[in-house]
Amino acid sequence: MIWLLCLGLSSVAQEVPRGIFFGQTPVKARFNDVLDIFGDKMALYDPEDNMLILQDGFNYRLPEGFVTFNTGAPLRIRLAGRVYMEAAVVSKDPVVIESTTYSTLTIVSNGSATALKCPSLVIDDYFTSVRLYSDAPNMEMIALKCPGEVVVNGGALRMEVSRSPKAAEINTLTLNGSVMETPSEITVNEYGVICDHKGRYARLVSIVPEP
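All residue numbers here refer to positions counted from 1 along the written sequence of the relevant chain. Whole-chain, interface and lining totals are the exception, using all residues; otherwise, since this is a predicted model, local features are given only for residues with pLDDT of at least 70 and side-chain atom pairs are given and counted only at 80 or more. Each side-chain value is derived from all of the structure's non-hydrogen atoms; neither hydrogens nor water enter the calculation.

K.L.:
Help me understand unusual backbone geometry, please; the structure alone is not making it clear to me.
P.N.:
Most peptide bonds take the trans form, and the phi angle of most residues other than glycine is negative. Cis geometry marks the peptide bond from threonine 182 to proline 183, where omega comes out at -15°. Along the polypeptide, proline 183 turns up in the loop between strand E20 (178–182) and strand E21 (186–188). Even without a glycine there, the phi angle at aspartate 125 is positive, about 75°. Summarising the element assignment, aspartate 125 is placed in the loop between strand E13 (121–124) and strand E14 (128–134). Secondary structure elements follow DSSP: runs of H or I of four or more residues count as helices, runs of E of two or more count as strands, with numbering from the N terminus.

Structure, rendered in structure tokens:
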């Protein structure tokens, strides 16, 4: 287990409307019925478990703007294969990402903001891989901003930027059954930026399942 703590990191400040929105498209489920969000059975919402279910081949692109989560409860994202989103994802809810088989969620920032902002993040089980990437030139538009705890339970998490000097800002990192691949050793500075062992900002942070 790796446990790192940095105090003083600000909370997610992005204005987030109540509910779930893919751009301007609201996700409105009736009662506790599972909702087929786009009518193609690729993205489902189960209101009873507050869970998004994303199927293999789901490919969502939002040229500008945000995918937002603000349900008032932890949001579970269940993957069933390879999933791709080109969007800035902003959540007021703690986010838990899990899978039913070997699955990868890739989020590429569309340049409106960081690829993923959330108060806390859990990546559950060996089958789950999450890749976060930003190509935005703004140094604040990075791969991950998380003022709370990031937990990786046996899965993989890759955070990468191509033009910003830093990949991620977090508070606490806990690895259970997962290990750092790049950099092999990290530190977190007083601003919550993940750095290498020499204190230099890390532009690529890769966490993989423990061998």
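K.L.:
How should I be thinking about empty space enclosed by the protein in this particular structure?
P.N.:
With a 1 Å grid laid over protein atoms only, a set of points is called a cavity when a 1.4 Å probe fits there but cannot get out and a pocket when it is open yet has protein on both sides within 12 Å along at least five of seven lines; lining residues have an atom within 4 Å of a point. Grid points are joined across faces, edges and corners, and a volume is the space filled by probe spheres set on the points. For the structure on display, the rule yields one cavity of 30 Å³ or more. By volume, the largest cavity is sized at about 60 Å³. Around the largest cavity, the lining residues are Phe69, Ile77, Met85, Val89, Val95, Ile97, Leu105, Ile107 and Leu116. Among the secondary structure elements, those contributing two or more residues to the lining of the largest cavity are strand E9 (82–91), strand E10 (95–99) and strand E11 (103–108).

K.L.:
Teacher, can you tell me more about the environment of tyrosine 60 here?
P.N.:
Along the chain, tyrosine 60 turns up in strand E7 (residues 59–70). By relative accessible area, tyrosine 60 is classed as buried at 10%. Throughout, exposure labels follow a simple rule: accessible area from a 1.4 Å probe, protein chains only, divided by the maximum for the residue type, with under 20% read as buried, over 50% as exposed, and the rest as partly exposed.

K.L.:
Hey, could you run me through the nonpolar core in this one?
P.N.:
When a protein is soluble and globular, its nonpolar side chains tend to lie buried together. Counting 52 residues, the largest nonpolar core has Phe22, Leu132, Leu144 and Met159 as its most contacted members. Contacts are assigned to residue pairs that have any heavy atoms within 4.5 Å of one another. Apart from the residues lying within four places of it in its own chain, the contact partners of leucine 132 are Ile107, Ala115, Leu116, Ala143, Leu144, Leu157, Arg158, Met159 and Glu160. Among buried residues, those of type Ala, Val, Leu, Ile, Met, Phe, Trp, Tyr and Cys that are joined through side-chain atoms within 4.5 Å constitute a nonpolar core.

K.L.:
Sorry if this is basic, but what is going on with the pattern of salt bridges here?
P.N.:
Oppositely charged side chains may form a pair once their charged atoms are brought near each other. Whenever Lys or Arg places a side-chain nitrogen within 4 Å of a carboxyl oxygen from Asp or Glu, that contact is recorded as a salt bridge. In the structure shown here, the tally under the stated rule is nine salt bridges. A salt bridge links glutamate 140 to lysine 166; the nearest nitrogen and oxygen atoms lie 3.4 Å apart. Linking glutamate 140 in the loop between E14 and strand E15 (144–145) with lysine 166 in the loop between strand E17 (156–161) and strand E18 (168–169), this pair joins segments that are 26 residues apart in sequence. For aspartate 196, the salt bridge identified is with arginine 200, shortest N-O distance 2.7 Å. Overall, arginine 200 belongs to the partly exposed group, its relative accessible area being 47%. Three or more residues are tied together by salt bridges with common partners; here these are Glu140, Lys145, Lys166 and Glu169.

K.L.:
Is there a simple way to explain the packing of aromatic side chains in this structure?
P.N.:
In this description, an aromatic ring pair is defined by two values, namely the gap between the centres and the angle between the planes. Between the rings of Phe, Tyr and Trp (Trp by its six-membered ring), a pair exists once the centres lie within 6.5 Å; its type follows the angle of the planes, with under 30 degrees stacked, over 60 edge-to-face, and the other angles tilted. Going through the model one piece at a time under the given rule, you end up with seven aromatic pairs. Centroid distance phenylalanine 38 to phenylalanine 58: 6.2 Å. Interplanar angle 25°. Geometry classified as stacked. Here phenylalanine 38, found in the loop between strand E4 (35–36) and strand E5 (43–46), pairs with phenylalanine 58, found in the loop between strand E6 (51–55) and E7; they are 20 residues apart in sequence, far enough to count as distant. By relative accessible area, phenylalanine 58 is classed as buried at 5%.

K.L.:
Where do I start with the pairing of E5 in this structure?
P.N.:
Regular strands have side chains that alternate between both faces of the sheet. Neither face of E5 is left uncovered, since the one carrying Ala43 and Tyr45 and the one carrying Leu44 and Asp46 both have all their residues buried. A pair of strands is considered paired only if DSSP assigns at least 2 bridges between the two. Pairing of E4 with E5, which is carried by two bridges, proceeds in the antiparallel orientation. Of the residues in E5, the one forming a bridge with leucine 35 is tyrosine 45. The hairpin formed by E4 and E5 contains six residues between the paired strands, and glycine 39 there has a positive phi angle of roughly 80°. Note: E5 against E6, four bridges, orientation antiparallel. Bridge pairing in E6 places alanine 43 opposite leucine 54. Hairpin connection between E5 and E6: a loop of four residues separates the two successive antiparallel strands, and asparagine 50 in this loop has a positive phi of roughly 50°.

K.L.:
What is the right way to read the confidence of the model for the chain from this model?
P.N.:
Close inspection of predicted coordinates is inappropriate for parts of the model with low pLDDT. How sure the predictor is of each residue is captured by pLDDT, a score from 0 to 100. Of all residues in the chain, 93% attain a pLDDT of 70 or more, and the chain-wide mean is 92. Below a pLDDT of 50 lies the segment residues 1–13, which in the model reaches 40 contacts outside its immediate sequence neighbourhood of four places, other chains included.

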